[in-house]
Amino acid sequence: MTSHSGSEQRGNSSAIRMRYRTVHGHRRAFRMAGKGRAILLIHGIGDSSDTWRDIMPGLARNYRVLAPDLLGHGASDKPRADYSLAAYANGMRDLLGVLGIERVTLVGHSLGGAVAMQFAYQFPERCERLVLVGTGGISRQVTPLLRAATLPGAELLLMALGLPTMRTQLGIAVKALRLLDTGLGVDAPDLLRVVDALPDGTSRSAFIRTLRAVVDWRGQVGTMLDRCYLAGGMPTMLVWGGRDQVVPPTHAGLGHVAMPGSRLEIFEEAGHFPFRTDPQRFENVLRDFIATTEPAQYSAEQWRRMLRSRHPSVRGTRQQTPGTFPRSA
């Protein structure tokens, strides 16, 4: 494993440093700043750690904030590799191991939310809290744009979207959508930003491979609803944009009901990127959630009981602190 220091991005009060580590032969890029208990920010498909730039400086005043570029994204390598949720969760574990971080509060957006849920499922002993932002993996419904991007020829279409004439036409369409005050218009600038972040064939190929691992022409391939009862001992919060057209806000309600004791925050005027639409509110909501919950304490015995009973509550747990896994005797 090798390490390199990269560029710095100055926020309001903290320097957000871009760094690199080589893990399993592939370069992993990440931004990190601050000290204290760790927060891991996981971006969505086609995006990068830069998407968190508005909230990282403030959080870094009190926490150690880590925002990686997922493999196949941003400044990380884009090999012909496994881009499944399980592989991404393993990658997060390995990066945390390299950096010497034992436990984290997970904040995942869109695909990153599905990665965060997979991480909490695979490595519950390393997860203190779970924050899901416009997350995938709750229900099968997803925007037709993503379903279409899994079809044959999608890579050629993505390449065409980057051509100057097509880019101009898209810009005009985005302005029209925003003037009409449509839900898609709220997200269009960020969606175009994601398309612009796919400048070459290697990037587009990694995007398509990642998308096809979780979505097909019928919608999301799998959901977490069969396992979400395991979140009964994990402080969990769902944050959604009320005008999200990528992953509809109905998913927030489904997840909230299915995840016992979870919190739900709706940013009424936001779309798929509430932390970009209103970063100060998002930071305040996240800070309050961390301040008013205790980190989950993992118990292998309690985990076994939940798996066997398929229910978050078992006899003898009522006196435990809310949001924690009861310790085995």
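Residues numbered from 1 in each chain as written. Predicted model: local features only at pLDDT ≥ 70, side-chain atom pairs only at ≥ 80, totals over all residues. Heavy atoms only, no water.

Turning to the overall build of the protein chain, a few remarks are in order. Assigned secondary structure in the protein chain consists of twelve helices and eleven strands. Buried positions account for 52% of the 329 residues belonging to the protein chain. In the protein chain, the proportion of contacts linking residues at least 24 apart, taken out of those at least 6 apart, comes to 74%. Accessible surface for the protein chain amounts to roughly 14,900 Å². Of this, 52% is attributable to carbon and sulfur atoms. (Helix = DSSP H or I, 4+ residues; strand = E, 2+ residues; numbered from the N terminus. Buried < 20%, exposed > 50% of the residue type's maximum accessible area, 1.4 Å probe, protein only. Contact = heavy atoms within 4.5 Å. Areas by Shrake-Rupley, 256 points an atom, 1.4 Å probe, with all protein chains shown as cover.)

On to the packing of aromatic side chains. Taken as a whole, this structure holds six aromatic pairs when the rule is applied. Judged by centre distance (5.3 Å) and plane angle (65°), the ring pair of Phe119 and Phe123 falls under edge-to-face. Each member of the pair, Phe119 as well as Phe123, carries the same accessibility label: buried. Between Arg281 and the ring centre of Phe267, over which it is positioned, the NZ or CZ distance is 3.9 Å. (Phe/Tyr/Trp six-rings, centres within 6.5 Å; stacked < 30°, edge-to-face > 60°. Lys NZ or Arg CZ within 6 Å of the ring centre and 35° of its normal.)

Counting 43 residues, the largest nonpolar core has Leu40, Ile42, Leu66, Leu106 and Leu130 as its most contacted members. Counting residues per element, the ones that place at least two in this core are strand S3 (26–33), strand S4 (38–42), helix H2 (85–99), strand S6 (104–109), helix H3 (111–122), strand S7 (127–133), helix H8 (201–214) and strand S10 (236–241). For Leu106, the residues in contact, after removing those within four places along its chain, are Leu40, Ile42, Ala116, Phe119, Ala120, Cys127, Arg129, Leu130 and Val131. Counting residues in hydrophobic clusters, the runner-up holds 26 residues, among them Trp52, Val239, Phe273 and Phe282. (Core = buried A, V, L, I, M, F, W, Y, C linked by side-chain atoms within 4.5 Å.)

Looking now at the confidence of the model for the protein chain. Confidence in the prediction of the protein chain, expressed as mean pLDDT, is 78, and 67% of residues score 70 or more. At the level of individual helices and strands, the protein chain shows its lowest average pLDDT in strand S1 (residues 3–10), which scores 43, and its highest in S4, which scores 98. Throughout residues 1–14 the model reports pLDDT below 50, and contacts reaching past four residues in sequence, or to other chains, amount to 36 contacts. (pLDDT = per-residue confidence, 0-100.)

This part covers helix H11 (residues 279–291). Spanning 13 residues, H11 covers 18 Å between terminal C-alpha atoms, matching the ideal 18 Å at 1.5 Å per step. Among the residues making up H11, those that are buried are Phe282, Glu283, Val285, Leu286, Arg287, Phe289 and Ile290. (Expected span 1.5 Å × (residues − 1).)

This next bit is on unusual backbone geometry. You will see that His24, though not glycine, has its phi angle at about 55°, which is positive. Here His24 is to be found in the loop between strand S2 (15–23) and S3.

Counted by the stated rule, this structure contains ten salt bridges. The salt bridge involving Arg281 is made with Glu268; its shortest N-O contact spans 3.5 Å. With a gap of 13 residues between them, Arg281 in helix H11 and Glu268 in the loop between strand S11 (263–267) and helix H10 (274–277) connect regions that are remote in the sequence. Because the salt bridges share partners, they merge into one network encompassing Arg37, Arg103, Glu128 and Arg129. (Salt bridge = Lys/Arg side-chain N within 4 Å of Asp/Glu carboxyl O.)

Position of Arg129 among the secondary structure elements: in strand S7. There is a polar contact of 3.3 Å between the side chain of Arg129 and the backbone oxygen of Ile290. Residue contacts for Arg129: discarding those within four places in its chain leaves Val104, Thr105, Leu106, Met234, Pro235, Phe289, Ile290, Thr293, Glu294 and Pro295. (Polar contact = N/O pair within 3.5 Å; in protein donor to acceptor, adjacent residues only side chain to side chain.)

Those residues of helix H12 (residues 300–309) that sit buried are Gln302, Trp303 and Met306. The arc enclosing the buried residues of H12, seen along the axis, measures out at 105°, which places them on a common side. Summarising the contacts, the buried residues of H12 are in contact with H3. (Arc of directions from axis to C-beta.)

Among the five residues that make up S4, five are buried, leaving the element largely enclosed by the rest of the structure. Taken together, the three bridges between S4 and strand S5 (residues 64–68) define a ladder with parallel strand orientation. Residue pairing in the sheet places Ile39 in a bridge with Val65 of S5. Pairing geometry for S4 and S6, over five bridges, is parallel. Paired with Ala38 across the bridge in S6 is Val104. (Pairing = 2+ DSSP bridges.)

The next point concerns the pairing of S11. As paired strands, S10 and S11 are joined by five bridges and run parallel to one another. Bridging from a neighbouring strand, Leu238 pairs with Leu264 of S11.

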